[in-house]
Amino acid sequence: MWLGTSGGGLVRLSAQPFTHYDRSSGLPGDQVYAIAEQNKKLVLGVSDRGLTWFDGSTFEADETLKNGTVKTLL
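Source: prediction; values computed, not measured. (Residues numbered from 1 in each chain as written. Predicted model: local features only at pLDDT ≥ 70, side-chain atom pairs only at ≥ 80, totals over all residues. Heavy atoms only, no water.)

1. Points about the environment of Tyr 33
Inspection of the secondary structure puts Tyr 33 in strand S4 (residues 32–38). On a C-alpha basis, the gap between Tyr 33 and Thr 58 in space is 19 Å, while along the polypeptide they are 25 residues apart. Tyr 33 has contacts with Gly 45, Ser 47, Thr 69, Val 70 and Lys 71, leaving out every residue within four places of it along the chain. Of the polar contacts made by the side chain of Tyr 33, one reaches the side chain of Gln 31; its length is 3.4 Å. (Helix = DSSP H or I, 4+ residues; strand = E, 2+ residues; numbered from the N terminus. Contact = heavy atoms within 4.5 Å. Polar contact = N/O pair within 3.5 Å; in protein donor to acceptor, adjacent residues only side chain to side chain.)

2. Some thoughts on unusual backbone geometry
Of note in this structure, Asn 39 is not a glycine but carries a positive phi near 50°. Structurally, the position occupied by Asn 39 is in the loop between S4 and strand S5 (41–46). Asn 39 sits in the exposed class, given a relative accessible area of 71%. Of note, Lys 40 is a non-glycine position whose phi angle comes to about 65°, a positive value. Of the residues examined, Lys 40 reaches a relative accessible area of 77% and is grouped as exposed. (Buried < 20%, exposed > 50% of the residue type's maximum accessible area, 1.4 Å probe, protein only.)

3. Some thoughts on the pairing of strand S6 (residues 50–54)
Most of S6 sits inside the fold, with 4 of its 5 residues counted as buried. Looking at chain direction, S5 and S6 are connected through 5 bridges and run antiparallel. Considered in S6, the bridge of Gly 45 is made with Leu 51. Counting the residues that bridge the hairpin from S5 to S6 gives 3 residues, and of these Asp 48 lies at a positive phi of roughly 60°. In this sheet, strand S7 (residues 59–61) lies alongside S6 in antiparallel orientation, the contact comprising 3 bridges. Within the sheet, the bridge partner assigned to Trp 53 lies in S7 and is Glu 60. (Pairing = 2+ DSSP bridges.)

4. Quick word on the nonpolar core
With 9 residues, the main nonpolar core is built from Leu 10, Tyr 21, Leu 27, Val 32, Leu 42, Leu 44, Val 46, Phe 54 and Phe 59. In terms of residue count, the dominant contributor to this core is S5 (3 residues). Those residues in contact with Val 46, other than ones at most four positions away along the chain, are Leu 27, Pro 28, Gly 29, Gln 31, Val 32, Thr 52, Gly 68, Thr 69 and Val 70. (Core = buried A, V, L, I, M, F, W, Y, C linked by side-chain atoms within 4.5 Å.)

5. Observations regarding the sheet that holds strand S3 (residues 19–21)
Strand pairing in a sheet is mediated by backbone hydrogen bonds. Such pairs are either parallel or antiparallel. Strand order across the open sheet formed by 3 strands is S1-S2-S3, with antiparallel pairing between neighbours. Only two strands of the sheet have a single neighbouring strand rather than two, namely strand S1 (2–4) and S3. For this sheet, the mean angle separating the axes of adjacent strands, direction not counted, is 20°. Pairing of strand S2 (residues 10–12) with S3 involves 3 bridges; the strand directions are antiparallel. Within S3, the position partnered with Arg 12 by the bridge is Thr 19. (Axes fitted to C-alpha atoms, helices over the stretch in contact; angles between N-to-C directions.)

Nothing here speaks to function; it is geometry throughout.
Shown next, in the form of structure tokens:
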């Protein structure tokens, strides 16, 4: 299970200890409002950074929405 936080970045819950991703991990912002999966990647709505894709190791921000905030993904 993935959780977006208000100021704490992206958190993955599992049977193992938490995995935490933030700016030091490459996440472009610390407020993740929306999470969806598309083509085996996570699509993230990040505050003031628009959409970001995460393939499990690398974050890739969408440059067309880089100044917007996405709060809902379907």
